[in-house]
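# Reading the structure
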Amino acid sequence: MFDLAISGRNICTPEGMREGVVLVHKGIIVDILPNLPAAAISTEIDIGELVLMPGIIDPHVHINEPGRTDWEGFETATRSAAAGGITTLVEMPLNADPVTITADAFDKKAAAAEGQLHVNCGFWGGVVPANTPELEKLISKGVLGFKAFLTHSGIDEFPNVTGSDLHQSIPIIARHHLPLLVHAELTTNVQPPPVNNPQSYKSYLLSRPRQWEDDAIALMIRLCEQYQCRVHIVHLSSAGSIEQIKQARQKGLPVTVETAQHYLYFNAEEIPDAQTAFKCAPPIREKENNEQLWQALQEDTIDFVATDHSPAPPAMKEISSGNLMKAWGGIASLQLALPVLWTAARKRNIPVTRMAQWLCEKPALLPGLQKSKGRIAKGFDADFVVWDPNKQFRVTAEALHHKHKITPYMNQELYGVVEQTWLAGQLIFERGRFPVLNKGKIITP
Ligand SMILES: [Zn+2]
């Protein structure tokens, strides 16, 4: 007796694409067979030529609840995740209020999430200069790792750390074998040129030089080597750091790296002035830089791709003024993670199986979920996205479930339509509808 059988000709497994039947019982994949077995099955589905891929894992999402729920919230963010084929996300320790730097703040965030999760959600804790005594308390609450900034975070109550602060916190994090995620920009050595026109994208780009990233990553590699702590560089934008990351990994250091969809999809040369929807930090750089990011991704120097979904209300995004220097830095894109990456990847003849590595299998490693998530294999959770790689659609505000429909992808024609999303063997999204809601769980180690 099985709960569910999904048959199809394009099942994306770690060994490659195959035809067959995925059998599910009590939310777990129990077998993958060439044909339907004779056993009784409650629900049988044939998805034909559509792709069956593991549910997407996005370990870099800002939901901002409680406290800044007017920016984004658990209900809207996890609804857009479900619509985008994302079945697990990990939420950043900012920009909610309070920020997740104490055990008490963790409790407030977990309580706020209660009853509002349409997909699974885990939490990163925050490392700030004075919260070393809280780190083990946060670990016992269930954080999956920690996040720190080396430059101003945009949120005053989440101050950045310095190298010397990290000498206090890193040994604790290393002892628990958890990762330290780092926003890597170090502003101390290089002074960017003054900005004359705050609407000019070029001026904004020059205001956050590659060297800031490269210096910060060099510092983190040194700390990684000293303490053998798992260090993860979030949203790599500077191709100038690829070589030092490659060398660190050749030495066997536990450094991992993500980049974001927007650094792979857009190039600075095409970004119009005063379009604050494109503002993020570090910035989207020139084509020549971004081509190197693609190459590093294809060579596995960059491990995976995460959205860094970080929305803000229209006034904070300075939509009417177009002031790139004042606007909130953050791109809203959670629901579009798959089609954006696929649209850019298919032009490069990258196969769907590689997408599954970048969006499912490898991001599962960072929060330690690799034993249950990120693969279609026996014993893994029955979290799936069913999608059509050949179908195109245009991004419209009506189809987006994010709280604010501000995104640089508006009106883009994208390939890759999410037809269904399954969470633990339950259909949670199908062609614009949500058959069941609130099936997500809080993920702890
Ligand atoms: Zn972020």
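Residues numbered from 1 in each chain as written. Predicted model: local features only at pLDDT ≥ 70, side-chain atom pairs only at ≥ 80, totals over all residues. Heavy atoms only, no water.

Filter applied, for reference: UniProt positions are given in the numbering used here, feature names are shortened, and annotations may be inferred rather than shown by experiment.
Named according to an unreviewed UniProt entry, the protein chain is allantoinase originating from Niastella yeongjuensis. According to the UniProt record, the Pathway (unreviewed entry) comment for the protein chain reads "Nitrogen metabolism; (S)-allantoin degradation; allantoate from (S)-allantoin: step 1/1." Taken directly from UniProt, the Subunit (unreviewed entry) text for the protein chain runs: "Homotetramer."

## Points about the overall build of the protein chain
Note the cut-off: Numbering goes from the N terminus for both helices and strands, where a helix is a DSSP run of H or I of at least four residues and a strand is a run of E of at least two. Our radius of gyration is a C-alpha quantity, and the globule rule it is checked against amounts to 2.2 Å times the number of residues to the power 0.38. Any two residues whose heavy atoms approach within 4.5 Å at even a single point are treated as in contact.
Along the protein chain, the regular secondary structure elements total 11 helices and 18 strands. The C-alpha radius of gyration computed for the protein chain amounts to 21 Å, which stays within 12% of the reference 22 Å derived for 445 residues, consistent with globular compactness. Projected onto its principal axes, the C-alpha positions of the protein chain cover 70 × 45 × 45 Å. Intrachain contacts of the protein chain at a sequence separation of at least 6 include 75% that bridge at least 24 residues.

## Things to note about the coordination of the zinc ion
The condition is simple: The donor definition counts N, O and S atoms within 2.8 Å of each metal and applies 3.2 Å to Na, K and Ca; water is not among these atoms, so some sites may look incomplete. Accessibility here uses a 1.4 Å probe with only protein chains present; expressed as a share of the type maximum, an area under 20% marks a residue as buried, one over 50% as exposed, and anything in between as partly exposed.
Looking at the zinc ion, the protein donor atoms are His60 (NE2), His62 (NE2) and Asp308 (OD), and they sit 2.1 to 2.2 Å from it. Read from N- to C-terminus, the donor residues coordinating the zinc ion fall into the pattern H-x1-H-x245-D. Of the two residues, His60 and His62, neither departs from the other in class, the shared state being buried.

## Looking at the sheet that holds strand S6 (residues 56-61)
Threshold: In short, DSSP must find at least two bridges between two strands for them to pair.
One open sheet accounts for four strands, arranged S6-S7-S8-S18; its pairing is parallel. Every other strand in the sheet has two partners, leaving S6 and strand S18 (442-443) as the edge strands with one partner each. Pairing of strand S7 (residues 86-91) with strand S8 (residues 120-123), which is carried by four bridges, proceeds in the parallel orientation. Bridged to Glu91 within S8 is Phe123.

## Looking at empty space enclosed by the protein
Basically, it comes down to this: The definitions used throughout rest on a 1 Å grid laid over the protein atoms alone, on which a cavity is an enclosed set of points accommodating a 1.4 Å probe that cannot get out and a pocket is an open set flanked by protein within 12 Å on both sides along at least five of seven lines; lining residues are those having an atom within 4 Å of a point. Grid points are joined across faces, edges and corners, and a volume is the space filled by probe spheres set on the points. Note on residue classes: Ala, Val, Leu, Ile, Met, Phe, Trp, Tyr, Cys and Pro are nonpolar, Asp, Glu, Lys and Arg are charged, and everything else, Gly too, is polar.
The full count for this structure, using the stated rule, is two cavities of 30 Å³ or more. Here the lining of the largest cavity is composed, by residue class, of seven nonpolar, three polar and one charged. Empty space within the second largest cavity amounts to approximately 30 Å³. Split by residue class, the lining of the second largest cavity holds three nonpolar, two polar and two charged.

## Observations regarding the sheet that holds strand S12 (residues 230-233)
Selection rule: Only the stretch in contact is used when fitting a helix axis, every axis being a line fitted to C-alpha atoms; angles between N-to-C directions are given from 0 to 180 degrees.
Spatially, S9-S10-S11-S12-S13-S14 is the arrangement adopted by the six strands of the open sheet, whose pairing is parallel. Edge positions in the open sheet fall to strand S9 (125-126) and strand S14 (304-305), since each of these has one partner strand only. The sheet contact formed by strand S13 (residues 255-259) and S14 spans two bridges and is parallel. Considered in S14, the bridge of Thr259 is made with Val305. Of the strands in this sheet, strand S11 (179-183), S12 and S13 are in contact with helix H6 (residues 210-227), which crosses S12 at around 165 degrees.

## Focus: the layout of surface pockets
As a volume, the largest pocket reaches approximately 450 Å³. Ser153, Gly154, Arg208, Ala281 and Gly329 are, among the 31 residues lining the largest pocket, the residues nearest its centre. Secondary structure elements with two or more residues in the lining of the largest pocket: strand S10 (146-149) and helix H5 (201-207). Residue classes in the lining of the largest pocket are distributed as 11 nonpolar, 15 polar and five charged. Approximately 340 Å³ is the volume found for the second largest pocket. Taken together, 20 residues form the lining of the second largest pocket, with Ala83, Gln335, Phe393, Val418 and Phe429 sitting closest to its centre. Those elements that provide at least two residues to the lining of the second largest pocket are strand S15 (384-394) and strand S16 (413-423).

## Considerations on the environment of Asp300
Looking at where Asp300 falls in the secondary structure, it is placed in the loop between helix H9 (287-298) and S14. Judged by relative accessible area, Asp300 falls into the partly exposed class, the value being 32%. Expressed as a C-alpha distance, the spacing of Asp300 and His402, which sit 102 residues apart in the sequence, is 31 Å.

## Describing the UniProt feature "domain: Amidohydrolase-related" (unreviewed entry) in the protein chain
The feature "domain: Amidohydrolase-related" (unreviewed entry), as given by UniProt, occupies residues 51-427 in the numbering adopted here. Secondary structure across residues 51-427 divides into 31% helix and 18% strand, with the first and last C-alpha atoms of the span separated by 16 Å.

## Describing the pairing of S8
Each regular strand shows side chains that alternate between the opposite faces of the sheet. The alternating pattern of S8 places Asn120 and Gly122 on one face and Cys121 and Phe123 on the opposite face, and all of these are buried. Of the pairings in the sheet, the one linking S8 to S18 comprises two bridges and is parallel in character. Within the sheet, the bridge partner assigned to Gly122 lies in S18 and is Ile443.

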